[in-house]
2 protein chains.
Amino acid sequence: MSLYSEILEQPERIHSLLSSQRKAVEKIAAALRERDVQYVFLAARGTSDNAGRYANYLLGALNGLPLALATPSLFTYYKQPPKLKNALVIGISQSGQSPEIVSVLEEGRRQNCLTLAITNDAKSPLAKAADFLLDIQAGKEKAVAATKTYTTELMCIAMLSTALGGSKTRWNELAEIPRWMKSVLRHDSLIAQSAERYRYMDQTVVLGRGFNYATAFEWALKLKELAYVKAEPYSSADFQHGPIAMLESGFPVLAVAPKGRVFESMVAMLKRLRREISAELVVISNDKKALSLASLPLTIPADVPEWLSPLICILPAQMFAYHLTQAKGFNTERPRSIRKVTETK
Amino acid sequence: MSLYSEILEQPERIHSLLSSQRKAVEKIAAALRERDVQYVFLAARGTSDNAGRYANYLLGALNGLPLALATPSLFTYYKQPPKLKNALVIGISQSGQSPEIVSVLEEGRRQNCLTLAITNDAKSPLAKAADFLLDIQAGKEKAVAATKTYTTELMCIAMLSTALGGSKTRWNELAEIPRWMKSVLRHDSLIAQSAERYRYMDQTVVLGRGFNYATAFEWALKLKELAYVKAEPYSSADFQHGPIAMLESGFPVLAVAPKGRVFESMVAMLKRLRREISAELVVISNDKKALSLASLPLTIPADVPEWLSPLICILPAQMFAYHLTQAKGFNTERPRSIRKVTETK
């Protein structure tokens, strides 16, 4: 099974990325410091867009950089791209093939912005369109659903953030990721067993906030692509502004709630869901209080810092989606209706 | 019924807004021209966030302004707001009460940015925190689900865009909106009848692209809040990058597809959904080709220009959600679990 082995490959890929791309991120950071970059303009789709959501929080919180997610149709169908003065333009795409993402980078260059491609193919059109390249070096990803290319994209973003303004402590924390990942992968048989309970779940919502807003989106996407579960991701704040109304008693809610600044607000939401609608909770966390609320607690190591928690939290989410897909009897390698490379304009 | 009468009020509210806020938008546009504003940083939640999605496309396409949707938790929980040099900071909130949206505007002022509040309460904390105010003047909105405050927020954004760089033609088109809205409201009894068919629909996806990406989000939100339907919005491009896999044969798909630059791509998607999964389609459009694909075609006037189509397309969507809520026997005025003012941090 490619999907399964690609999930297991992640600690190794992250480990080698840390040494192989360190120079590249330092070079990009130096170039950024020379220019008056005032914000980031980022284009991506699907899983890579979720990596962009992580960049939104990480570059904002740790580097003071506001980030705008591009609306590619302005560059393609409308042909009215905005003025990108003083922007760093980033395109993220596993294949580097999607014409609309390439369009955004080309326009960035035309407007004399600094441009950066984050891709798994150093010879792709996206890589060629950019001033700088971060090669995620995930190796060929055979399964249609992205796993190792997601975490390597996150790793490139975390390394770039650290090169831009990080301390030695942050570089040391980056080096711990493979160990934390391995520790989570050890829960595989437990997750395989627990997934049985969700054999007939056909809809759910996935909650996350702050850095793990990205994790909620990526977990939901895996469930949709692989297990054909209608899974809608929300920030716990947005969820209270309307959508919470639709949940009936016993509705399954998946939550990403590691320790950190938004933890208390997430726990308050989970308690409310238990109390008001007896929600069935699946919770990824490293806090006992949060895990004790769950029918299915998915544990990550206690010492994972919040800024890197998305790289660790997504692993139990991927394993859950994988085993649920098997429990439902669907094809984990080639989901219906989608292909590995989707070329949208 | 407040909700019903608030839907019907919209042409009148839009009509009076056009004259009453014209001077205010001209003044803001003049102030913006004096400053070197390079992008917009916008904070909002729920329905107002969907108005922000319209601003993203409109200010991008017609005014060349990139737009970043704020991540309020960076200002509240993380207390690490990004550097907002040369940004116009906009907060949108019906009540003007949400502490996190106020936080973003206060931080914008602290960083010497130009700040703008778009709200229905000129005395609210949000209005007080801003340099400039656009009062949407929708009158008290009694129903919990927002309708007239959404279209008046869109109208303020469309007027600001026109004041910033619009021609006389665009001002004339703005003046046509009440007439177009009235023409759509005449289909009310037809929509009431047709909604019966969806009495047992409990999940759906809503597709839109470009300017009407916002409409897809707002339609889905009304269905969730009022009719408790699990409705997930997508751009038709994102939808192809994974989520399409989850649809079974006959799945209901709602689509916003008026004539314009993204029309052909929307129609191609709808045809694919008909062909591959025999999807049940509900389509809002002014094009015969698109309407003919639908089990339930919802017509808007032929001469609505694409840039203003979100103000018109949302009306059949609101009516559909209202009548479906009645068909399902739920409370249209006070949905379960939510309140009119949600104060998230």
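Residues numbered from 1 in each chain as written. Chains lettered and ligands numbered in written order. Predicted model: local features only at pLDDT ≥ 70, side-chain atom pairs only at ≥ 80, totals over all residues. Heavy atoms only, no water.

Asker: What is the right way to look at the environment of Ser183 of chain B in this model?
Answerer: All names here are of chain B. Note on placement: Ser183 falls in helix α8 (residues 168-185). Overall, the relative accessible area of 22% leaves Ser183 in the partly exposed class. The spatial distance from the C-alpha of Ser183 to the C-alpha of Ile300 is 7.8 Å, given a sequence separation of 117 residues. (Helix = DSSP H or I, 4+ residues; strand = E, 2+ residues; numbered from the N terminus. Buried < 20%, exposed > 50% of the residue type's maximum accessible area, 1.4 Å probe, protein only.)

Asker: I'm lost on the interface of chain B and chain A in this one. Help?
Answerer: Accessible area lost on assembly of the parts is the figure often given for the size of an interface. In this complex, chain B contributes 72 residues to the contact, which on the side of chain A involves 72 residues. Taken over both partners, the interface formed by chain B and chain A buries close to 5900 Å², and the fraction arising from carbon and sulfur atoms is 52%. Three residues, Tyr78, Lys230 and His241 of chain B, lead the burial of chain B against chain A; their summed loss comes to 12% of the area buried on that side. The interface formed by chain B and chain A contains 12 salt bridges. In this structure, Asp36 of chain A and Lys85 of chain B form a salt bridge, with 3.8 Å as the shortest nitrogen-oxygen distance. Remark: the boundary between chain B and chain A carries 27 residue pairs in polar contact (both at pLDDT 80 or more). Per element, the largest residue contribution to the side of chain B that touches chain A is 7 residues, and it comes from helix α4 (residues 46-63) of chain B. (Contact = heavy atoms within 4.5 Å. Buried area = accessible area lost by both parts, 1.4 Å probe. Salt bridge = Lys/Arg side-chain N within 4 Å of Asp/Glu carboxyl O. Polar contact = N/O pair within 3.5 Å; in protein donor to acceptor, adjacent residues only side chain to side chain.)

Asker: Help me understand the sheet that holds strand β9 (residues 280-285) of chain B in this model?
Answerer: In a beta sheet, neighbouring strands pair by backbone hydrogen bonds and run either parallel or antiparallel. Residues and elements named next belong to chain B. Read from one edge of the open sheet, 5 strands run β7-β6-β8-β9-β10, paired in parallel fashion. The sheet is open, and its two borders are formed by β7 (230-235) and β10 (296-299), each paired with just one other strand. The average angle at which neighbouring strand axes cross in this sheet is 15 degrees, direction not considered. As paired elements, strand β6 (residues 203-208) and strand β8 (residues 252-256) share 3 bridges and run parallel to each other. Bridge pairing in β8 links Val205 to Val253. (Pairing = 2+ DSSP bridges. Axes fitted to C-alpha atoms, helices over the stretch in contact; angles between N-to-C directions.)

Asker: Got a minute to help me understand the domain arrangement of chain A in this structure?
Answerer: Residue and element names in this part refer to chain A. For chain A, the domain assignment lists domain 1 (3-175) and domain 2 (184-328). Measuring from the centre of the C-alpha atoms in domain 1 to the corresponding centre in domain 2 gives 26 Å. Each partner contributes to the interface: domain 1 provides 28 residues, whereas domain 2 provides 24 residues. When the two sides are added together, the surface that domain 1 and domain 2 hide from each other amounts to roughly 2300 Å², 73% of it contributed by carbon and sulfur. Contact with domain 2 buries area across many residues of domain 1, yet Tyr4, Tyr54 and Tyr57 alone supply 24% of it, more than any other trio. Counting across the domain 1 and domain 2 interface gives 0 salt bridges. Between domain 1 and domain 2 we count 8 residue pairs in polar contact (both at pLDDT 80 or more) in total. Counting residues per element, the ones that place at least two in the side of domain 1 that touches domain 2 are α1 (2-8), α2 (10-20), α4 (46-63), α7 (148-165) and α8 (168-185). For the side of domain 1 that touches domain 2, the element with the most residues is α4, which contributes 9 residues. By residue class, the composition of the side of domain 1 that touches domain 2 is 18 nonpolar, 7 polar and 3 charged. (Domains from an automatic or database assignment. Nonpolar A, V, L, I, M, F, W, Y, C, P; charged D, E, K, R; others polar.)

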